Amino acid sequence: MARNPLLLVPNLITIARILAIIPIVALVMEGSTALRVVALVLYILAAASDWLDGYLARAWNQYSPLGRMLDPIADKLLVGILIAALAWDGSLSALDMIPAIAILFREFFIPGLREFLGNAAVVLPVSKLAKWKTTIQLVALAIVLLERVVPGLGLVSDIALWAAGILTLWTGWQYLLASWPHLSGDAK
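Everything quoted here is computed from the prediction, not taken from an experiment. (Residues numbered from 1 in each chain as written. Predicted model: local features only at pLDDT ≥ 70, side-chain atom pairs only at ≥ 80, totals over all residues. Heavy atoms only, no water.)

**Focus: the layout of surface pockets**
Move 1: Of the voids in this model, the largest pocket is the one considered here, and its volume is about 1300 Å³.
Move 2: If you trace the largest pocket, you find 40 residues lining it, with Asp50, Asp71, Pro72, Asp75 and Lys131 closest to the centre.
Move 3: Those elements that provide at least two residues to the lining of the largest pocket are helix H1 (9-30), helix H2 (33-59), helix H3 (65-88), helix H4 (97-119) and helix H5 (128-147).
Move 4: With 10 residues, the single largest contributor to the lining of the largest pocket is H3.
Move 5: In the lining of the largest pocket, the residues fall into 19 nonpolar, nine polar and 12 charged. (1 Å grid on protein atoms, 1.4 Å probe; cavity = no way out; pocket = protein on both sides within 12 Å on 5 of 7 lines; lining within 4 Å. Points joined across faces, edges and corners; volume = space filled by probe spheres on them. Helix = DSSP H or I, 4+ residues; strand = E, 2+ residues; numbered from the N terminus. Nonpolar A, V, L, I, M, F, W, Y, C, P; charged D, E, K, R; others polar.)

In structure tokens form, the structure reads like this:
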């Protein structure tokens, strides 16, 4: 008998990560320092769940097509919507918007590229560096959240966000290069 993918623990964790975005953003947009701390705690739990759901899927052999689809979407939603909320509340400066936009650009472009190539039966596997990219993005955004709670983190926050932006662009460039033969018609 097939297992219902909605009842698999890793998928429930991924769905919880998606749902956690709502209170995280609401708390960030509220503006109070105390609520920002609560948002940060929820965000850290949501970010850590990215590792946990993958670990449990492997450990318990609870893979599913639903989980493979939802996991990267959950990451992109968490990062993208939090960037929008941090831009809205003024946590991101004009210069911070450069890596933030680079992150958003890549997070929309590469899934679109994968979808296009999928129609041609070409698979772009997730690289180890791209997994690190996600981790660096999640850490950088946690530092941006923490910046309003702990004074003096501005430089650390900026460096982390720029590192995430540069790594995000680099991995996007790698995917583009890997897919270029299929885009240019030179694939064998």
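**A few points about the environment of Ile166**
Move 1: Structurally, the position occupied by Ile166 is in helix H6 (residues 154-184).
Move 2: Given a relative accessible area of 56%, Ile166 falls into the exposed group.
Move 3: Between the alpha carbons of Ile166 and Leu141 there is a distance of 14 Å; along the sequence they are 25 residues apart. (Buried < 20%, exposed > 50% of the residue type's maximum accessible area, 1.4 Å probe, protein only.)

**Quick look at the side chain of Thr168**
Move 1: Counting through the fold element by element, Thr168 comes out in helix H6.
Move 2: Thr168 gets classed as buried once you look at its relative accessible area, which sits at 0%.

**Brief notes about a nonpolar patch on the surface**
Move 1: A cluster of nonpolar side chains, namely Leu129, Trp132, Trp170, Trp173 and Leu177, defines an oily patch on the protein surface of about 570 Å² accessible area.
Move 2: Looking at the nonpolar patch, the elements that each hand over two or more residues are H5 and H6.
Move 3: The biggest single contributor to the nonpolar patch is H6, with three residues.
Move 4: Within the fold, Trp170 resides in helix H6.
Move 5: The partly exposed category is assigned to Trp170, whose relative accessible area is 46%. (Patch = residues over 30% accessible without salt bridge, like charges linked within 9 Å, V, L, I, M, F, W, Y side chains within 5 Å. Areas by Shrake-Rupley, 256 points an atom, 1.4 Å probe, with all protein chains shown as cover. Salt bridge = Lys/Arg side-chain N within 4 Å of Asp/Glu carboxyl O.)

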